[in-house]
Amino acid sequence: MTSEYVTFGLAPAMRAGGVLADGAYQTHRDFLDFVVDGRPLLARLADLDAVSPLAADVGPSALAEQVRRLLLEAEAPLAGSRCVIYGCPECEGLECGAVTAVIERDGPDVVWRDFVWQTGDTPDVERDGYHGIGPYRFRGEQYRAALKRLLTADGAPAPEVPTGPRALLIGQRAAVLAKLAAALRTIGIGAEITLDAVGAHADELRKYGAVVFGRTVGPGERDAVRDAFAAARSDAVCVTALAPIVPLLVAQVEQALDRTPHDRRRLLGLTAVAGGAEAVVEVASACRVRLAAHRLDRLSRPHAHELFDTVLAPGTHRIPLDPRAVRGRSFLTARTSDAVRVTPVER
């Protein structure tokens, strides 16, 4: 067993939701990721779309139970002292597959070992194990302190636990905003529509992480709303709707809600070369990237095209674009499991 110590910590993370090019919905999930030796553990799993058990929407009692299991104060949910480290973001069912590990005490220390992809009661460590991950030895005092900060004395979630996201939609085009609000609520993002946020109570404004201006909202109105949020000491990100395309607008909201520190991001950038010949995607670590194009035709009807879906190595990648997918007024979205980026295709 490893004798080298590594540090343990927790950091806010996001599983980006969205409306995909094929019309499927992907649920937004906020959670705490495990940080091992200064690096999020999930980032070591390049193409894994999953969340930790420490999610914002599991409820206080369920969260407390998950913390007790990680602290070894409650029985492990799986045989062999195994705990779920990452599970399916849609249903969290083991049948969809999960990353599990043995968590055990070794004197004053806590050890995570034998990471495996598990889909049934008995995992096959040799066949399905993550042989390049772990074992990790944590100093017990540091490990327990990080986890116990998640709960207050009365068992309620502590401030470190992320809360559910909310977006405020401002504008007069009720049909488009209503469809956007419905899509956001479907993927787990609270959404409200208003004609104007000026004069709203500061406490209410601070509940929103993103503000979306409809295209009919003028510059003066946008400035007034920004001033109201600034006066409320809100860190909400304000964006202007690019086009009346619901999947594109959902992607804009997801990008605005992303609070991941830059040094922990995997998807760093997305741009389109002038003329729409290619897209430039920059990633910090190996991850699965899906690239899609959205456009409006001459009758203002929306169209979506899946362009690219593969695991990219760290670095900058130039991806040729199908000219049929980006003709006319077009936009690109790039998404990983934890981030979305949007850019217009300039002509």
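Residues numbered from 1 in each chain as written. Predicted model: local features only at pLDDT ≥ 70, side-chain atom pairs only at ≥ 80, totals over all residues. Heavy atoms only, no water.

Going by what an unreviewed UniProt entry lists, the protein is known as Oxidoreductase and is assigned to Streptomyces antimycoticus.

1. Regarding helix α7 (residues 246-257)
With 12 residues, α7 should reach 16 Å at 1.5 Å per residue; the first-to-last C-alpha distance of 17 Å fits that figure. Taking burial as the measure, the 12 residues of α7 include 11 buried ones, the bulk of the element. All of the buried residues along α7 are V246, P247, L248, L249, V250, A251, Q252, V253, E254, A256 and L257. (Helix = DSSP H or I, 4+ residues; strand = E, 2+ residues; numbered from the N terminus. Expected span 1.5 Å × (residues − 1). Buried < 20%, exposed > 50% of the residue type's maximum accessible area, 1.4 Å probe, protein only.)

2. Observations concerning the pairing of strand β15 (residues 278-283)
In terms of burial, β15 is largely enclosed, as five of its six residues are buried. Here strand β14 (residues 267-272) pairs with β15 via five bridges, running antiparallel. From the neighbouring strand, L267 faces β15, where its bridge partner is V283. Connecting the antiparallel pair β14 and β15 is a turn made up of five residues, with G275 showing a positive phi of about 100°. (Pairing = 2+ DSSP bridges.)

3. Describing the domain arrangement of the protein
Domain parsing of the protein yields domain 1 (8-149), domain 2 (163-259) and domain 3 (265-346). Contacts between the two partners involve 16 residues from domain 1, matched on the other side by 16 residues from domain 3. The largest contributions to the domain 1 side of the interface with domain 3 come from A16, A21 and A46, which together make up 38% of the buried area. There are zero salt bridges connecting domain 1 and domain 3. In this structure, the connection of domain 1 to domain 3 is made through three residue pairs in polar contact (both at pLDDT 80 or more). Within the side of domain 1 that touches domain 3, the residues separate by chemical class into nine nonpolar, three polar and four charged. (Domains from an automatic or database assignment. Contact = heavy atoms within 4.5 Å. Buried area = accessible area lost by both parts, 1.4 Å probe. Salt bridge = Lys/Arg side-chain N within 4 Å of Asp/Glu carboxyl O. Polar contact = N/O pair within 3.5 Å; in protein donor to acceptor, adjacent residues only side chain to side chain. Nonpolar A, V, L, I, M, F, W, Y, C, P; charged D, E, K, R; others polar.)

4. Quick notes on the sheet that holds strand β4 (residues 29-36)
If you trace the three strands from one edge of the open sheet to the other, you get β1-β4-β5, paired in antiparallel fashion. The open sheet has two edge strands with one neighbour each: β1 (8-15) and β5 (39-40). Sheet topology places β1 next to β4; eight bridges connect them, and they run antiparallel. The residue of β4 that forms the bridge with L10 is F34.

5. Side note on the environment of A11
Checked against the element boundaries, A11 lands in strand β1. For A11 and G140, which are 129 residues apart along the polypeptide, the C-alpha to C-alpha distance reads 19 Å. Beyond its immediate stretch of four places on either side in the chain, A11 contacts F31, L32, D33, V35 and R264.

6. Here's the deal with the nonpolar core
Ranked by internal contacts, the top residues of the largest apolar core, which has 35 residues, are L41, I85, Y86 and W112. Elements with a contribution of two residues or more to this core: β1, β4, α1 (60-70), β6 (82-86), β7 (98-106), β8 (109-118), β9 (136-138) and α3 (140-148). For this core, the leading source of residues is β4, giving four residues. Excluding residues that lie within four positions of it along the chain, Y86 makes contacts with D33, F34, L41, L42, L45, L48, A50, V51, S52, A98 and V99. (Core = buried A, V, L, I, M, F, W, Y, C linked by side-chain atoms within 4.5 Å.)

7. Regarding the pattern of salt bridges
One pass over the full model with this rule turns up 22 salt bridges. With its nearest N and O atoms 2.9 Å apart, the salt bridge here joins E65 to R68. Here E65 pairs with R68, and both are found in helix α1, just three residues apart, close to one helical turn. Given a relative accessible area of 33%, R68 falls into the partly exposed group. Two residues, D322 and R324, come together in a salt bridge whose shortest N-O distance is 3.0 Å. Overlapping salt bridges bring together R166, E192, E204 and K207 as one network.

8. Examining the sheet that holds strand β12 (residues 210-213)
Strand order in the open sheet formed by four strands is β11-β10-β12-β13, and the pairing between neighbours is parallel. Unpaired on one side and paired on the other, β11 (190-194) and β13 (237-240) mark the two borders of the sheet. On average, adjacent strands in this sheet sit at an angle of 20° to one another, irrespective of strand direction. Where β12 meets β13, four bridges bridge the pair, whose relative direction is parallel. In the strand pairing of β13, V212 is matched with V239. (Axes fitted to C-alpha atoms, helices over the stretch in contact; angles between N-to-C directions.)

9. A closer look at the environment of D106
Assignment of secondary structure puts D106 in strand β7. Along the sequence, D106 and H201 sit 95 residues apart, while their C-alpha atoms lie 52 Å from each other. A polar contact of 2.7 Å, which involves the side chain of D106, links it to the side chain of R137.

10. Points about the state of the cysteines
With the rule as written, the count across this model stands at zero disulfides. You can see C88 has no disulfide; the closest cysteine sulfur is in C91, sitting 3.8 Å from it. Unpaired in terms of disulfides, C91 finds its nearest cysteine sulfur in C96, a separation of 3.3 Å. (Disulfide = S-S within 2.5 Å.)

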